[in-house]
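What the coordinates show
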Amino acid sequence: MKKNQLILLFSFCCLCGIQAQTADPKDKRISELEVKVTLLSKEVDYYKETLKLMNSNVEATEGNVTFKINSVTGDKASGKVKIEGIAVNGGDVRTLQPQSALSYDPQGNETTIYEMTLGTSGRIEKFERDVPVKFSVEYTNVPVDTPVFTMVKISFFSTLGFNSDDIQITYRNLPIVWR
């Protein structure tokens, strides 16, 4: 009886091993291709976002620096509004650091910034020519369902060489997309 059980167990293991060996190359190739598709999908999404940032219609330029806005989105639950875009230096190398931002709604309510970022750290020591840098401005306590900011003023500290060359940009009638 034990002998029959051992033979049956051995046969079962051999068949499973053969089955696993024949299916393995196909499964391995499918797994590799799935990983590749996932990576390519992420790359496509990255390039779509980059293209969206670069082709913004809302822009302002001062001191050879162009600021392009690609989205103004509001969160109904928190009352926060976030403005996102890119900055591109068209002139000499300079420093750039966020200073302040004000916004006004159609009823004349003024909102000051909650948080402002530029790049990954908030300050760019060497803002190189023709290198786009992401920026964002976040406001809190914005009245929910405010349809538009009638005016947004954003100021940056900047130095060009040893001279102060601060930048202030103004946008008018930025529609807010509430989610």
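Above this text you will find the structure in question.
These numbers were taken from a predicted model, which means no experiment stands behind them.

So, about the overall build of the protein. The helix and strand tally for the protein stands at one helix and 11 strands. Along the protein, helices and strands appear, N-terminal first, in the series α-β-β-β-β-β-β-β-β-β-β-β. Residues counted as buried form 32% of the 179 residues belonging to the protein. Counting every atom, the protein has about 11800 Å² of accessible surface; 55% of that belongs to carbon and sulfur.

We now examine the nonpolar core. With 29 residues, the main nonpolar core has Phe67, Ile83, Phe149, Ile154, Phe156 and Tyr171 as its most contacted residues. Secondary structure elements with two or more residues in this core: strand S2 (65-75), strand S3 (80-89), strand S4 (94-104), strand S5 (110-118), strand S6 (124-127), strand S7 (133-139), strand S8 (148-160) and strand S10 (167-175). What Phe156 contacts, discounting residues up to four positions off in sequence, is Phe67, Leu96, Gln97, Pro98, Gln99, Met116, Leu118, Asp166, Ile167 and Ile169.

Bringing the side chain of Glu138 into the picture now. Looking at the secondary structure, you find Glu138 in strand S7. Once residues within four sequence positions are removed from consideration, Glu138 is found in contact with Lys80, Val81, Lys82, Ile113, Tyr114 and Glu115.

Turning next to the environment of Pro175. Along the chain, the position of Pro175 falls in strand S10. With relative accessibility at 56%, the residue Pro175 sits in the exposed group. When neighbours within four sequence positions are excluded, Pro175 is seen to be in contact with Val72, Pro147 and Val148.

Here S4 runs beside S5; their pairing, made up of three bridges, is antiparallel. Across the sheet, the residue bridging to Tyr104 is Glu110, located in S5. Linkage of S4 to S5, two consecutive antiparallel strands, is achieved through a turn of five residues, within which Gly108 is found at a positive phi near 90°. When S5 meets S7, the two strands line up antiparallel, connected through five bridges. Looking across to S7, one finds that Ile113 is bridged to Tyr139.

Our focus in this paragraph is the pattern of salt bridges. Applying the stated criterion to the full structure yields seven salt bridges. A salt bridge links Arg29 to Glu32; its shortest N-O distance comes to 3.9 Å. Linking Arg29 with Glu32, this pair stays in helix H1 (residues 2-54), spanning three residues, or about one helical turn. The exposure class of Arg29 is partly exposed, given its relative accessible area of 48%. Taking relative accessible area as the criterion, Glu32 reaches 42% and is therefore assigned partly exposed. A salt bridge links Glu125 to Arg123; the nearest nitrogen and oxygen atoms lie 3.1 Å apart.

Reading guide: rules and limits
Residues numbered from 1 in each chain as written. Predicted model: local features only at pLDDT ≥ 70, side-chain atom pairs only at ≥ 80, totals over all residues. Heavy atoms only, no water. Helix = DSSP H or I, 4+ residues; strand = E, 2+ residues; numbered from the N terminus. Buried < 20%, exposed > 50% of the residue type's maximum accessible area, 1.4 Å probe, protein only. Areas by Shrake-Rupley, 256 points an atom, 1.4 Å probe, with all protein chains shown as cover. Core = buried A, V, L, I, M, F, W, Y, C linked by side-chain atoms within 4.5 Å. Contact = heavy atoms within 4.5 Å. Pairing = 2+ DSSP bridges. Salt bridge = Lys/Arg side-chain N within 4 Å of Asp/Glu carboxyl O.

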